[in-house]
Amino acid sequence: MTGSPSRTLLLVEDELLIAESESAMLGNHGYNVVAAATGEEAVAIVRERDDIDLVLMDINLGEGMDGTEAAEQILAMRDIPVLFLSSHSEPEVVHRTERITSYGYVVKHSGATVLLASIRMAFRLHDAHRRILEREQSLRENQERYRHLVDHVPAGIYEVDFTTGRMISVNDYMCEMSGYSREEFMNMRLPDIIIGEGQRVFRQRLGKMLAGEPVSPYVDYEIRLKDGSARWVTLKNMFYYGDSGAITGATVVIHDITERKEEELRREAAIRVLRESEEEYRIVLEESSDPIYSFNPDGRYRYANRTFAESVGRPVSEIVGRTVWEVFPREEAEQRFTTLKQVLESGVPREIEVRLPRSGGDRYYIASMNPVRNGEGNVQSVICTSKDITVRRRVEQALEQALEEKQALFRELLHRFKNNLAMITSLVGLEKNRAMSGETRLALENLRGRIESMANLYSILHRTGSDMGIRLDQYIGQIAQSISRTYVTGMGAVTVKTEMAPVDADMRIAAPIGLIVNELLTNALKYAFPGGRKGTVWIGLERRDDEILLSVSDDGAGLPAGFAIGESSGFGMLLVKTMAQQLGGSCGFQRGERTVFTVRVPAGRGQDD
């Protein structure tokens, strides 16, 4: 069975024939099966092996530990799905298993379809349970982070009950900023620290909120600190609503805006001076090369200079007194209106980037909207200044287009190079078929395999569209599949397995590693299993610190006596040694139950072209 990597099942069954039959059926459906005849043996296997993915547990296991007791001990060691498989269908037996695990109960001889479906369902249930536990852990961590954030964020945060006006909670920063302790805050009402006009604003807002009328979440107050000094703060309210829809409370974030407020006051004073000399003010605005305009609180244009009128292609008389909806197309108008509304409601300056369509090409501006307040502190207009950034935007667009063209050219070059490699592979194959000498055919077949390993590399680069690097494990996997189609299909009894961790590598490392894997895997499949011998070839890959470790091993016939990599007369071993040295690494081998070739290379190193 092909597809995703198979899972390993522990089959606990004391009847040998049943165990062999079920193991064969499960193996035919892609599972690795480990068998145990007793509960004690099953517990020992799970304790010693960490690759068991699911347990198929018979209940009656003869003398000694039964299936339910074995399951309890296994579950005490590991979080693993246990599926009971028994010939008993009595309710009391089923109930016993349900107290232990909820992954399923299958009556023996129900058929392969029922058993396989139950196994898949058990895996899905286990995965769902694991995701739920992860989400619960994430929620707890998020709550803890939220509490930590509230206590340590550089802003005052408190909760207030608008029905009583009292504070419910307050963070450390608020206490440090105001000088009041948390206990003092708990016995205070917000108006106790608001001074000046803010008292009237607070009462007005509170009355509207209790009446269910909408209010802005933003408001500025001047407050008195415990040491007697005064500071300006801006409050952002995140409101709570009662069953009637009225606002009952809020979490409030408070920032010190004293410097900004003083700047606003200075700006307002400057504006008053300008108004006293209105003619000079208008001359400055009219002669400005930047578009300048202003809005009334109702969102209509209050003023527009000549530059702005020219930029929108309308005379000033068709702008003043109209809304943005009457001056701009809907999409552009909506963007401007949204920002204008935010400034009018919050009193906070904002910037937006806007586009003006023109027949000769769109123009782009950065528009700064600043609130203008009257003597009572209310926003009476919004004045806007725009900076033309068309040149900058066109340069950015040109750079983006150049990048897209470069990427398209890169993909085309990869495509052509990949096709050229495929053509070369085909030509080598034709020459191999025509060759009379077996030695020549073998040499050409080896050459074609090396070329195909390079072609696999460029196939990956073409898919990703990047020349910066590739997933080395995916590249080696493609080489293994290609070689397996050539050799393993004909051999039948040899299996190629991969045990590779995700490893990123650049081209300088990937290409030599691909040639090394091609040589070692080809040699193993050609020479390690003579006469139709059965066996397995393993390919391993991992990164340890700053080193990439590659291994190719087999349980075949083993190497000839006296074999040494440096003394081998074959071109393949010479190529392996040369590629490893080129990467600044080494290669070696070990004999034993497996013949293991190991290549170690520094990560991130490779010989420049």
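Residues numbered from 1 in each chain as written. Predicted model: local features only at pLDDT ≥ 70, side-chain atom pairs only at ≥ 80, totals over all residues. Heavy atoms only, no water.

## Some thoughts on the overall build of the chain
When you go through the chain residue by residue, the secondary structure sums to 18 helices and 23 strands. Counting every position in the chain, which comprises 609 residues, the buried fraction comes to 41%. Across the chain, every contact between residues at least 6 apart in sequence was considered, and the portion connecting residues at least 24 apart equals 54%. A total of about 33300 Å² of accessible surface is found on the chain, and carbon and sulfur atoms cover 51% of it. (Helix = DSSP H or I, 4+ residues; strand = E, 2+ residues; numbered from the N terminus. Buried < 20%, exposed > 50% of the residue type's maximum accessible area, 1.4 Å probe, protein only. Contact = heavy atoms within 4.5 Å. Areas by Shrake-Rupley, 256 points an atom, 1.4 Å probe, with all protein chains shown as cover.)

## What to know about the nonpolar core
Taken as a class, soluble globular proteins show a tendency for nonpolar side chains to be buried jointly. L472, I476, I513, L520, V537, I548 and L550 are the most contacted members of the largest nonpolar core, which totals 41 residues. Looking at this core, the elements with two or more residues in it are α16 (472-491), α17 (507-527), β20 (535-544), β21 (547-554), α18 (571-582) and β23 (595-602). At 10 residues, α17 tops the list of elements feeding residues into this core. Once residues within four sequence positions are removed from consideration, V537 is found in contact with V494, T495, V496, K497, L521, A524, L525, F529, V552, S553 and D554. (Core = buried A, V, L, I, M, F, W, Y, C linked by side-chain atoms within 4.5 Å.)

## Comments concerning the confidence of the model for the chain
Chain-level pLDDT for the chain is 79 on average; 79% of the residues reach the 70-or-more range. Looking across the chain, the model is least confident in helix α15 (residues 438-464), with a mean pLDDT of 56, and most confident in strand β1 (residues 8-12), with 93. Confidence drops under a pLDDT of 50 for residues 605-609, and excluding neighbours within four residues, the segment shows 8 contacts in the predicted structure. (pLDDT = per-residue confidence, 0-100.)

## With respect to the pattern of salt bridges
In this structure the tally under the stated criterion is 22 salt bridges. Two residues, R260 and E264, come together in a salt bridge whose shortest N-O distance is 3.1 Å. One end of the pair, R260, and the other, E264, are both in helix α9 (residues 258-276), 4 residues apart, so they sit about a helical turn from each other. You can call R260 partly exposed: its relative accessible area is 26%. Across the pair E326 and R300 runs a salt bridge whose closest N-O atoms are separated by 3.5 Å. In this pair, E326 is assigned in helix α12 (residues 324-327) and R300 in the loop between β12 (292-295) and β13 (301-304), connecting sequence segments 26 residues apart. (Salt bridge = Lys/Arg side-chain N within 4 Å of Asp/Glu carboxyl O.)

## Re the packing of helix α2 (residues 39-48) against helix α3 (residues 67-77)
It is at 9 Å that the axes of α2 and α3 come closest, and there the two elements cross at 10°. Considered as vectors, α2 and α3 are oriented roughly parallel to each other. On the side of α2, the interface is formed by G39, A42, V43, V46 and R47, while α3 contributes A70, Q73, I74 and M77. (Axes fitted to C-alpha atoms, helices over the stretch in contact; angles between N-to-C directions. Parallel < 35°, antiparallel > 145°, perpendicular 65-115°, else oblique.)

## What to know about the environment of G198
One can find G198 in helix α8 (residues 198-210). What makes G198 buried here is its relative accessible area of 9%. Put simply, G198 and V219 are 21 residues apart on the chain and 9.4 Å apart in space, counted from C-alpha to C-alpha.

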